[in-house]
Structure formats: structure tokens, C-alpha cells
Amino acid sequence: MSTSSLTAPPIASPHAHGGNSVTLTMFRVQLALLPATLFGFWLFGWPSVFLFLLTVLSCLGFEALSLKLMGRQRFKGTLFDGSAMLTGWLLAMTLPPWAPWWVAVLGGFIAIVIGKQVFGGLGQNVFNPAMVARVALLISFPVPLTQWVFPLPLTSLAAPDFIDGLRIFLTSLPLPDAMASASLLGFSKTEMSRGIDLLHSLAGAQAPALSWLGTRAGSFGESASLLILGGGLYLLARGIITWHTPLAVLAGLAIPAAIGHAIDPGHYLSVSAHLLSGAAMLGAFFIATDYVTSPNTGVGQLIFGLGVGLLTWVIRTWGAYPEGMAFAVLLMNAMTPVIDRFVKPRILGRDRKGKPLSIPEKKGA
């Protein structure tokens, strides 16, 4: 071995920066969510606007407080990188659109402080912060988290104006019967518990309609499934996410739903009911694709997504809660380190087991 190689200055790694950043990625995800968010504002009126704003501001506030208490450097850069804002945005889209103010504040605290900063901040959290807050709120306060409102578009005469919307948001008064409604998943679960099968319950006049246009009761971001799908396709086109997780989530939910509905339509909801209800689309494209809490490899993401979809269907079908996406995401978040351990990316020049590849030398070289 030549001694000159030991004394030569180190050569820089062959890395090239692609120009991407956390802030740019977060901005593109928020841009993809914007059409569904604006649709939610129009569909559910001023109370949903106040809920969205306070949830986002709460996440930013608790992020700032956490960074201040920890004495972090680059305070403004971390606070405004878009991650805390996106967490609040996603959390707001999973909440009932007329939820009271304290749900937004408490949800922001749980998501940022407990779900993110106690693990060390962005990139260190094990579980999706928005889903941690969603599940904690649902388990702790099931009544306000399951109060759905019938769509009252801003342009309708029955919609609350700015002052009425603020009053609804700042008080915890029960919803008037004329405005209260049930989601399709909640209605089906309730009727099945009463011994009424789906063929009879969904054929009734009181059954929630399954509208592709989104004019139905549900969480703030639940109704606009097609707009969320469009946003997800935008993320795929820009290379922000890959197809593995969304396809696997939807397949993991649709395949057992199709089999169950074909065998017994009186006890199992159809594929369209599952895909258009709850947080199926939002979870497939915007939540399960979280870089930090999902596997690194394509194969790992397929396993992860199939697990999320299947667990969502199992919880919706036999669990105590009508919606299961948040629970399924957290359960599979816990499995991510195991999946990454057994499904690793191949290192350049090595095989899947990490052993060097044997490359035959060329004759005459």
C-alpha cells in the first residue's frame, strides 16, 4: 500500500444537495391540503374556521414554548419550518367541525408537547403527533369528539354568521337537533348495536347519504375525499411521497371490505363506504406517509400501509369506535422500527445482508 494515500487530504463525500428542505416540503403538503380545507370552511361555516385557526395557532404556541424552555438554537427557523403548522392543520381536519375551543387548545398541547417535543422534536418522534392528539382526545372526551353537524354552507340562510359562529365555538352548548347529524360509520355502528342490519338501516330515510361531492356529516376534512385524493396525487407528482404507502393503505382497507361485503352485505360496509368515510383518504396520503414515523424502504412502506388499512377495517368492523384510522396509524407507527430492522435498503456495493458484492475483474485491467 502506498503511504501517499494515508497522508493525502480527505476527499469530500460524493453528495449533492437536491435543493429540497423541510420548509419547502411542508409548504407543498399544506398546498395540497388547501382545496379540501377551503371546501371544509365553505361546508361547515365560521365555527370550522375558528376551530382550524385556533388549532394551528395552539400548535405554533406550544412549539414556541417548548423550544424556549429547551433553549434551542435557531428558534425562528425551527418554529416556522412548517412542521408545527402542518401538525395543527392535520389535527384540525380530523376533528368535528364545530368542536369547542378547548379541544383545539388541548389537542395542540398533546400533539406538540407530548407527541413531538418530549421525544426530542422533529425527526425524533415515534408516533404521528396529530394522531396522538386525535386518539387522546377521542378516548378522554368521546362526547364532543363524536358530535357531528349537518353541512350548512356559508351561502345558506341557516348557516351561522360570524358572531353566531364565534358563540358556538366559544361555548360548549349541545348542538340543536336540527343541526346535529351522524356520520355514516357512526350511524352504521349504532344501528348494528341495536340489532338492525345494514341492509335495513342504510335504506331508511334517516340514514346518512354517501356523497362523492362531500355534502355529508363528518370531521372537518372527512367530507372532501375527492379533493384530498387530488392533493395526494399532487404530492405524488411532485415526488413528496411515493405510491407505496397510499396504495397499500387503500388496498388494505378495500380488499377485506370487498370480501366481507360480498359474503354478508348486511353486516359489512361496502368498499366505497369505507374509502369515502372517516379519515381513509387523509390517512392514506397525508398521515401514513409521514417521513419520520413510517418505514424507509418501498417494501417496508407496503407492509406498513397494508397494516394500517387492515387494522382500520378491523377496528371499524368489530371495534368499539366507528372510525379506526388514527388507532391503526399509531399501532403501525410502533411497528416501524421492527419493519426497518428486517427490511433494509441495500447499500451500494453490498447485498441485502450487508456483505460486499463480488465484482469480477475485467481481463487485461
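Conventions used here
- Residues numbered from 1 in each chain as written.
- Predicted model: local features only at pLDDT ≥ 70, side-chain atom pairs only at ≥ 80, totals over all residues.
- Heavy atoms only, no water.
- Helix = DSSP H or I, 4+ residues; strand = E, 2+ residues; numbered from the N terminus.
- Buried < 20%, exposed > 50% of the residue type's maximum accessible area, 1.4 Å probe, protein only.
- Contact = heavy atoms within 4.5 Å.
- Areas by Shrake-Rupley, 256 points an atom, 1.4 Å probe, with all protein chains shown as cover.
- Phe/Tyr/Trp six-rings, centres within 6.5 Å; stacked < 30°, edge-to-face > 60°.
- Salt bridge = Lys/Arg side-chain N within 4 Å of Asp/Glu carboxyl O.
- Axes fitted to C-alpha atoms, helices over the stretch in contact; angles between N-to-C directions.
- Parallel < 35°, antiparallel > 145°, perpendicular 65-115°, else oblique.
- Left-handed = near helix turned anticlockwise from the far one by under 90°.
- Nonpolar A, V, L, I, M, F, W, Y, C, P; charged D, E, K, R; others polar.
- Core = buried A, V, L, I, M, F, W, Y, C linked by side-chain atoms within 4.5 Å.

(A) Focus on the overall build of the protein chain. The number of helices and strands found in the protein chain is 16 helices and two strands. Looking at the 365 residues of the protein chain, the share that counts as buried comes to 49%. At a minimum sequence separation of 6, the contacts of the protein chain that also span at least 24 residues come to 77%. Looking at the protein chain as shown, the accessible area adds up to about 18,500 Å², and 68% of this sits on carbon and sulfur atoms.

(B) The packing of aromatic side chains, seen in detail. Inspection of every chain in the model, using the stated rule, returns 15 aromatic pairs. Ring centres of Phe50 and Phe162 lie 5.3 Å apart, and the angle between their planes is 80 degrees; this geometry places the pair in the edge-to-face category. With Phe50 in helix H3 (residues 46-70) and Phe162 in helix H8 (residues 162-170), the pair connects residues that are 112 residues apart, well separated along the chain. Look at Phe50 and you get buried, because its relative accessible area is 11%. We classify Phe162 as partly exposed; its relative accessible area is 41%. Between Tyr268 and Trp318, the aromatic rings sit 6.2 Å apart at their centres with planes inclined by 80 degrees, giving edge-to-face as the arrangement. One end of the pair, Tyr268, is in the loop between helix H12 (244-263) and helix H13 (271-276); the other, Trp318, is in helix H15 (residues 298-318), with 50 residues separating them in the sequence. Judged by relative accessible area, which is 54%, Trp318 ranks as exposed. By the ring-pair criterion, three or more aromatic residues cluster together here, those being Phe41, Phe52, Trp89 and Phe220.

(C) Fine view of the pattern of salt bridges. Going through the model one piece at a time under the given rule, you end up with three salt bridges. Notably, a salt bridge pairs Lys116 with Glu63, separated by 3.1 Å at the nearest N-O pair. Highlighted residues: Lys116 in the loop between helix H6 (101-114) and helix H7 (129-140) and Glu63 in helix H3, separated in sequence by 53 residues. Like Glu63, Lys116 is buried. In this structure, the salt-bridge partner of Arg194 is Glu191, at a minimum N-O distance of 2.8 Å.

(D) Quick peek at the packing of helix H2 (residues 22-44) against helix H5 (residues 83-93). Two elements in contact, H2 and H5, have axes separated by 10 Å at closest approach and are oriented at 25 degrees. By the angle between their directions, the pair H2 and H5 is classed as roughly parallel. The way H2 lies across H5 gives a crossing that is left-handed. In this structure, H2 contributes Met26, Val29, Gln30, Leu33, Leu34, Ala36 and Thr37 to the contact, and H5 contributes Ser83, Met85, Leu86, Trp89, Leu90 and Met93. A breakdown of the residues in the contact of H2 with H5 according to their chemical character gives 10 nonpolar, three polar and no charged.

(E) Quick look at the nonpolar core. In this structure, Leu33, Leu282, Phe286 and Val308 are the most contacted members of the largest nonpolar core, which totals 83 residues. With 10 residues, H3 is the single largest residue contributor to this core. If sequence neighbours within four positions are ignored, Phe286 has contacts with Val29, Ala32, Leu33, Leu90, Ile228, Gly231, Gly232 and Leu235. If you look at the next biggest cluster of nonpolar residues, it comprises five residues, including Leu184, Leu185, Leu269 and Ala273.

The quantities given are spatial measurements derived from coordinates; they are silent on function.
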